[in-house]
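Here are the chains, one letter per residue:
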Amino acid sequence: MFKIENLDVFRGETQVLWGVGLEVAPGERVAILGSNGAGKSSLMAAITGLLRPRRGNIIFNDRALVGLKPYQITQLGIALVPEGRRVYKGMSVRENLEMGAFVRRGRPRLKESIERVFGLFPILGQRSAQGAGTLSGGEQQMLAIGRALMSLPDLLLIDELSLGLAPRVTKEIYAALASLGSEITVILVEQNVELALRHSERAYIVESGRVTGHGVSTELIDDPDIRRAYLGM
Amino acid sequence: MLALSLTNGLVIGIVYALTALGVSLVVGIMNVVNFAHGEFYILAGYFSYLFAHTLGIHPLAAMVIAVGLVFLLGLVVEYTLIRPTYGDDMYSLILTFILSIVFQSLFLLVFGPYPNKPPSWIKGATEVFGLFHYGNQRLAALAAGVVVIALFFAMLKLTWFGRMIRAAAQDREMAELNGINTTRLNLLSFGLGCALAAAAGVILAPVFPVTPTAGTPVALTAFVCVVLGGMGSMSGCVLGGLVLGVVENLGAAYVSTGYKHVFMFLILILVLLFRPAGLFGRREV
Ligand SMILES: Nc1ncnc2c1ncn2[C@@H]1O[C@H](COP(=O)(O)OP(=O)(O)O)[C@@H](O)[C@H]1O
Ligand SMILES: [Mg+2]
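Residues numbered from 1 in each chain as written. Chains lettered and ligands numbered in written order. Predicted model: local features only at pLDDT ≥ 70, side-chain atom pairs only at ≥ 80, totals over all residues. Heavy atoms only, no water.

**Some details on the pairing of strand 1 (residues 125-128) of chain B**
All names here are of chain B. Condition: Strand pairing requires that DSSP identify at least two bridges connecting the strands. Helix and strand labels come from DSSP, where a helix needs a run of H or I of at least four residues and a strand needs a run of E of at least two; each type is numbered from the N terminus.
As judged from the four bridges shared by strand 1 and strand 2 (residues 132-135), these two strands associate in the antiparallel manner. Its bridge partner lying in strand 2, Glu-127 is registered against His-133. The loop that links strand 1 with its antiparallel partner strand 2 comprises three residues; one of these, Phe-129, has a positive phi angle of about 50 degrees.

Next comes the structure, spelled out in structure tokens:
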């Protein structure tokens with residue numbers, strides 16, 4: 001369904017990803033683990049077309065993505081919840097969601113998608129007329145996820161879901177994601193390794209721009225090296 | 001006297017606001033300062049003169065055609081001159097500056113140095129609040145300006161295109177991720193920015209005739225309105241335009257006409273001293 005091969009990505013003249021490869025099956029939840037600066041967000045930028053890779057392939061549903069513009073990639077069915085949420089603060093909650101359905105694939109079902117998001121995160125329904133800038137961090141994350149879902153993506157990328165959120169809110173958001181079932185494929189970037197492994201089936205480990213390991217999440221959680229390096233025990 | 005100056009100020013202020021909205025739009029979406037903005041205003045004035053006076057088309061139809069042509073010209077300018085400079089704001093600055101000089105020379109060549117004035121839409125005068133008689137053409141200009149500004153804000157609020165503009169002005173990358181073709185949005189925004197200048201031009205030209213170089217102060221005033229209102233704030237630049245228009249006319253009535261631009265910069269300096277982000281400024285550094 002989704003495959004990356006041998007990807008080299010630069011930011012300006014600095015190389016940030018070296019020969020990255022990964023593969024995701026339909027309906028799967030895959031975590032990308034790695035410390036700050038490892039290149040996880042750059043990988044998300046390369047997938048969504050914000051950064052143009054210098055070498056390598058990104059294949060999604062048998063289509064090559066390298067060279068396409070972000071708006072074309074969204075139209076093909078990939079949606080990103082970006083690091084830092086990036087909701088449109090000057091627009092209302094409802095308008096933010098509408099922007100998520102801007103692409104052709106999302107627009108015809110805008111009304112029912114909004115109802116679906118309000119069902120997933122009821123607080124957004126209550127605040128639909130409010131400016132997005134007045135929401136709490138957790139609510140903004142819900143809005144960012146809701147906005148991404150509005151384009152009816154096949155593949156959902158979430159960058160740093162739990163960053164800066166209270167554990168209770170994080171739990172609520174993960175529960176909502178779990179309720180989506182396997183109709184949607186998810187790539188989850190998390191610095192909180194324990195959370196990531198608990199909410200994914202497989203995981204890739206990225207260090208200094210390279211994939212240094214991957215495996216089944218339940219096994220990685222028990223791996224002594226992983227526990228030492230990322231879980232601090 | 002006071003009421004008359006205030007009314008004059010409102011008429012001019014609305015037109016300033018309209019011009020400034022175009023600048024604000026182009027700055028907000030493209031981060032481009034169009035130095036030829038005033039020349040698009042003047043060009044529309046000439047067009048409506050040409051169509052209505054020389055060709056005898058109905059003044060209102062002439063205005064619409066003029067604005068439409070300037071919109072198309074804006075598209076061409078964006079496509080040929082601005083698009084190649086993406087990523088380097090300095091080049092677009094220089095290019096539009098050269099463009100403004102080229103326009104001024106062409107105006108001089110084609111229309112000569114004399115003021116040209118399209119015909120008025122209506123004649124006569126109306127007694128306002130029982131205080132003074134005021135030219136119907138100026139009242140009509142005020143009404144037309146209000147209508148165009150209201151339409152613009154309704155467009156921003158109610159249409160997909162308006163939502164695209166607001167989203168992209170806030171976070172261009174995110175807007176692109178949401179499926180907006182920002183290259184095409186740039187094209188349309190630039191055209192629309194020029195069309196707003198053109199609308200201001202055709203509305204005011206029957207009152208203040210156009211000359212080849214009259215665009216420079218128009219653009220200057222628009223830039224000041226945008227800074228006054230706060231970069232990135234559309235409602236701020238409307239307020240900025242009204243404030244400038246009123247202060248300028250009060251100054252002209254009670255102090256001296258010669259100090260018009262001095263008043264403008266005094267206000268600008270005062271606002272920037274006490275509210276560095278502008279009246280409605282919200283964009284953090
Ligand atoms: N906008 C940027 N411009 C230049 N370099 C950047 C930018 N964002 C990140 N980097 C650099 O790219 C590398 C990878 O960063 P990033 O992809 O953000 O890592 P992560 O998301 O894993 O924390 C880091 O060395 C970082 O300093
Ligand atoms: Mg990151």
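**Things to note about the interface of chain B and chain A**
As a reminder of what qualifies: Should any heavy atoms of two residues lie within 4.5 Å, those residues are considered in contact. Defined here as a combined quantity, buried area equals the accessible surface (1.4 Å probe) lost by two parts on assembly, summed across both. Salt bridge, as applied in this entry: a Lys or Arg side-chain nitrogen positioned within 4 Å of an Asp or Glu carboxyl oxygen. N or O atoms within 3.5 Å of each other form a polar contact, as long as, within protein, one can give a hydrogen and the other can take it, and as long as residues adjacent in sequence are counted only when both atoms are side-chain atoms.
Opposite the 17 residues of chain B that make contact, chain A presents 22 residues. On the chain B side of the interface with chain A, the three residues burying the most area are Trp-160, Leu-177 and Asn-178 of chain B, jointly 34% of the side's total. At the junction of chain B and chain A, the tally comes to five salt bridges. Two residues, Arg-163 of chain B and Glu-98 of chain A, come together in a salt bridge whose shortest N-O distance is 3.3 Å. Between chain B and chain A we count twelve residue pairs in polar contact (both at pLDDT 80 or more) in total. Elements with a minimum of two residues in the side of chain B that touches chain A: helix 6 (160-170) and helix 7 (172-177) of chain B. In terms of residue count, the dominant contributor to the side of chain B that touches chain A is helix 6 of chain B (six residues).

**A look at the packing of helix 1 (residues 2-30) of chain B against helix 5 (residues 136-158) of chain B**
Residues and elements named next belong to chain B. The condition is simple: Only the contacting stretch of a helix is used when fitting its axis, a line to C-alpha atoms as for every element, and angles between N-to-C directions run 0 to 180 degrees. Angles are sorted into four bins: roughly parallel if under 35 degrees, roughly antiparallel if over 145, roughly perpendicular if 65 to 115, and oblique for all others. Here is the rule for handedness: rotate from the far helix to the near one, and if that takes an anticlockwise turn smaller than a right angle the crossing is left-handed, while a clockwise turn gives right-handed.
Contact geometry for helix 1 and helix 5: axes closest at 9 Å, N-to-C directions at 30 degrees. Comparing the axis directions of helix 1 and helix 5 gives the class roughly parallel. Crossing of helix 1 against helix 5: the hand is left-handed. Together, Asn-8, Leu-10, Val-11, Ile-14, Ala-17, Leu-18, Leu-21 and Leu-25 of helix 1 and Arg-138, Ala-141, Leu-142, Gly-145, Val-146, Val-148, Ile-149, Phe-152 and Phe-153 of helix 5 make up the contact between the two elements.

**Details of empty space enclosed by the protein**
As a reminder of what qualifies: Think of a 1 Å grid over the protein atoms and nothing else: a 1.4 Å probe that fits but is trapped marks a cavity, an open set flanked by protein within 12 Å on at least five of seven lines marks a pocket, and residues with an atom within 4 Å of a point count as lining. Grid points are joined across faces, edges and corners, and a volume is the space filled by probe spheres set on the points. Amino acid classes used here: Ala, Val, Leu, Ile, Met, Phe, Trp, Tyr, Cys and Pro are nonpolar; Asp, Glu, Lys and Arg are charged; the rest, including Gly, are polar.
Applying the stated criterion to the full structure yields two cavities of 30 Å³ or more. For the largest cavity, the calculated volume is near 60 Å³. Around the largest cavity, the lining residues are Thr-74, Ala-79, Leu-80, Gly-100, Arg-147, Ala-148 and Ser-151 of chain A together with Met-174, Leu-177 and Asn-178 of chain B. For the lining of the largest cavity, the secondary-structure elements that each account for two or more residues are strand 6 (78-81) and helix 6 (137-149) of chain A together with helix 7 of chain B. Classifying every residue of the lining of the largest cavity by side-chain character gives five nonpolar, four polar and one charged. Here the second largest cavity defines a volume of roughly 40 Å³. What lines the second largest cavity is simply Ser-48, Ala-52, Pro-59, Met-63, Pro-118, Pro-119, Trp-121, Val-202 and Pro-206 of chain B.

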